[in-house]
Amino acid sequence: MNTDMQKETNKREAEIARRTNETDIKLAFNIDGAGISKQDTGVPFLNHMLDLFTKHGHFDLDVLARGDIEIDDHHTVEDIGICLGQALNQALGNKAGIKRYASVFVPMDEALAQVIIDLSGRPHFEYRAEYPAQQVGTFHTELVHEFLWKLALESRMTLHVIVHYGRNTHHMIEAVFKALGRALDEATSLDPRVQGVPSTKGVL
Ligand SMILES: [Mn+2]
């Protein structure tokens, strides 16, 4: 096998297509990207957050979603979380050579968020966030929980998200998504010292 072929087979990327009565989503995700994203979800604030996440995680993300946003954004946001989680899980493969853990703080002006990740294969989500406002534009802040929880569940990661403080809700959520991007970038990164799967159990 020549080097180009080898690179081709080692690509850490995945495509997901998922259709229900509530949403129709096509999503392509590349762990080792250039920070380029295209989002067409019908939920402008989520587009903004996915853009930040991709940029600061050095991923590539292409998401096209048509959901029942005439009801509200809930199904669309939740289902994009599901698809991104599935894509991440697939793209990671057997997780050989990855760092596995990350803990990242990101400030956004007066707001401070922390994201702690273990790509453990054991879905778990802890969330400590209280926002001053219930809405940012037309986006309901409670949907941040829905998105992150489904992302953790479907990617089978342990995810802890803490918003330590802040005054502006937009800033606080933005800090969460930037920290998520940076933490996921670090946890998925390859450490040459790691031989095989980084677990004493031998599997993640
Ligand atoms: Mn912003």
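For the structure, check the block above.
A quick note: this is a predicted structure, and the numbers were derived from the prediction, not measured. Residue positions are given per chain, counted from 1 along the sequence in the order it is written. Residue-level local features of this predicted model are given only where pLDDT is at least 70; pairs of side-chain atoms are given and counted only at 80 or more, and the full residue set underlies all totals for whole chains, interfaces and linings. Side-chain calculation: all heavy atoms of the structure are included, whereas hydrogens and water are not.

Trainee: Can you help me understand the packing of aromatic side chains in this one?
Mentor: The description of two aromatic rings rests on the distance between their centres and on the angle between their planes. Two rings from Phe, Tyr or Trp (for Trp, the six-membered ring) form a pair when their centres sit within 6.5 Å of each other. Planes less than 30 degrees apart are called stacked, planes more than 60 degrees apart edge-to-face, and all others tilted. Inspection of the entire model under this criterion finds six aromatic pairs. Aromatic pair Phe45 and Phe139: ring centres 5.0 Å apart, planes at 45 degrees, arrangement tilted. A residue pair is termed long-range when its members are at least 10 positions apart, and Phe45 in helix α2 (residues 44-57) and Phe139 in strand β9 (residues 139-140) qualify at 94 residues. You can call Phe45 buried: its relative accessible area is 9%. Consider the rings of Phe53 and Phe59, whose centres lie 5.1 Å apart with planes at 40 degrees: the pair is tilted. In this pair, the class of Phe53 matches that of Phe59, namely buried. Put simply, the rings of Phe29, Phe53 and Phe59 touch in pairs and so form one group of aromatic residues. Helix numbers and strand numbers start at the N terminus; a helix is a DSSP run of H or I with at least 4 residues, a strand a run of E with at least 2. Using a 1.4 Å probe on the protein chains alone, a residue whose accessible area is under 20% of its type maximum counts as buried, one over 50% counts as exposed, and one in between counts as partly exposed.

Trainee: Before we go on, may I ask you to explain unusual backbone geometry in this structure?
Mentor: A negative phi holds for most residues other than glycine; trans holds for most peptide bonds. Residue His58 is not a glycine yet carries a positive backbone phi of 55 degrees. Residue His58 is classed as partly exposed on the basis of its relative accessible area, which comes to 44%. One non-glycine residue with positive phi stands out, namely Arg156, at about 60 degrees. Looking at the secondary structure, you find Arg156 in the loop between α4 (142-155) and β10 (158-165).

Trainee: How do you make sense of the packing of α2 against helix α5 (residues 169-188) when you look at a structure like this?
Mentor: Between two packed helices, both the angle of their axes relative to each other and the distance between the axes serve to describe the pair. In the contact formed by α2 and α5, the axes pass within 7 Å of each other and the chain directions differ by 35 degrees. Taken as a pair, α2 and α5 cross one another with a handedness that is right-handed. Residues Phe45, His48, Met49, Leu52, Phe53, His56 and Gly57 of α2 form the contact with α5, whose own contacting residues are His170, Ile173, Glu174, Phe177, Lys178, Leu180, Gly181, Arg182, Leu184 and Asp185. Think of it as three bins: nonpolar holds Ala, Val, Leu, Ile, Met, Phe, Trp, Tyr, Cys and Pro, charged holds Asp, Glu, Lys and Arg, and polar takes everything else, Gly as well. By residue class, the composition of the contact of α2 with α5 is eight nonpolar, five polar and four charged. In this description, a line fitted to the C-alpha atoms serves as the axis of each element, helices being fitted only across the stretch in contact, and the angle between N-to-C directions of two axes falls anywhere from 0 to 180 degrees. In a left-handed crossing the near helix is turned counterclockwise from the far helix by less than a right angle, and in a right-handed crossing that turn is clockwise. In what follows, residue pairs with any heavy atoms lying within 4.5 Å of each other are defined as contacts.

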